[in-house]
Amino acid sequence: MKIAITGGSGFIGQKLTAQLTSAGHDVLILTRSLEGKKQTDNVSYVKWMSDDSSPEVELEGIDGIVNLAGESIMGRWTEKKKQRILSSRIKATQAVLSIIKKLKQKPKVLLNASAIGYYGVSETIDFVEGSEPVETNFLSEVTDRWETEAAKAKDFGLRVVFGRIGIVLDKQEGALPKMVLPYKLYAGGTLGTGKQWMSWIHIHDLASLYQFALENEHISGPLNITAPNPMQMIEFGKTISQVIGKPHWFPSSKNSDYNDFGRNEYLVS
């Protein structure tokens, strides 16, 4: 298959590119600048979202698109940051739809990134693909509007998958190093009540599930990309403590922002 990826130079995009190329697929990464980008036998770069780009020319004949583009949600969520998080995702998705519209031969599938934050936060409810949101917060609003925009690809006959990702774990990148750091500094402890559920996924499993969704025609709509066994934050913290041999102290924050895991910007990947 020939797969185009937006956001291909990011944390998830790089792992997905490696996964797809190792499986024999060709990847075309959409980028705003070609400077410093090196083509290989299986990976090429296509300029997009600029006045001098016509990505539809080079993307003619692709089999699928993975849309990962958007402002990183890591960092402090100021009002300006939240606006960039939302607008960057909507604008990138609209650009993807514009490309699809111009292609003479339409791709078969659009796999659009999303997050389990779509459902909101609960300590008692199990969320499956058919679940409705239990509350409205910033992350649920972003994911809902993002998926609504991506769903317009169905009008062009594409199979659309919404990859609702949990907390992505990798020992070198993503959320895990930030969670481990306080323990390395002997300051690790339970955040808030510790009862908050953490639905996680390892980056390698995430990439494999994305590949599976691209290759299997029977998959469409929401796809929860998490491990089958979520953990409460208190247990996750104790696990970190045991693995790295550092103490797990008393709750490190009583701030209500930590009591609903997933709302706090530093805890979402």
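Residues numbered from 1 in each chain as written. Predicted model: local features only at pLDDT ≥ 70, side-chain atom pairs only at ≥ 80, totals over all residues. Heavy atoms only, no water.

Q: Which residues make up the pattern of salt bridges, and what values do they have?
A: Summed over the entire model, instances satisfying the criterion amount to seven salt bridges. For Glu79, the salt bridge is made with Lys82, and the minimal N-O distance between the two is 3.4 Å. Here Glu79 pairs with Lys82, and both are found in helix α3 (residues 79-102), just three residues apart, close to one helical turn. Taking relative accessible area as the criterion, Glu79 reaches 61% and is therefore assigned exposed. The exposure class assigned to Lys82 is partly exposed, which follows from its relative accessible area of 21%. Here Glu149 makes a salt bridge to Lys152, at a shortest N to O gap of 3.1 Å. Since its relative accessible area comes to 11%, Glu149 is described here as buried. Salt bridges linked by common partners bring Glu71, Lys81 and Arg84 together as one network. (Salt bridge = Lys/Arg side-chain N within 4 Å of Asp/Glu carboxyl O. Helix = DSSP H or I, 4+ residues; strand = E, 2+ residues; numbered from the N terminus. Buried < 20%, exposed > 50% of the residue type's maximum accessible area, 1.4 Å probe, protein only.)

Q: Outline the packing of helix α1 (residues 11-22) against helix α6 (residues 203-215), listing residues and values.
A: Contact geometry of α1 with α6 gives a least axis separation of 9 Å together with a crossing angle of 60 degrees. Compared by their axis directions, α1 and α6 come out oblique. α6 is crossed by α1, and the crossing has right-handed handedness. Of the residues in α6, those touching α1 at Phe11, Ile12, Lys15, Leu16, Gln19 and Leu20 are Ile203, Leu206, Ala207, Ser208, Tyr210, Gln211 and Leu214. For the contact of α1 with α6, the class distribution of residues is nine nonpolar, three polar and one charged. (Axes fitted to C-alpha atoms, helices over the stretch in contact; angles between N-to-C directions. Parallel < 35°, antiparallel > 145°, perpendicular 65-115°, else oblique. Left-handed = near helix turned anticlockwise from the far one by under 90°. Contact = heavy atoms within 4.5 Å. Nonpolar A, V, L, I, M, F, W, Y, C, P; charged D, E, K, R; others polar.)

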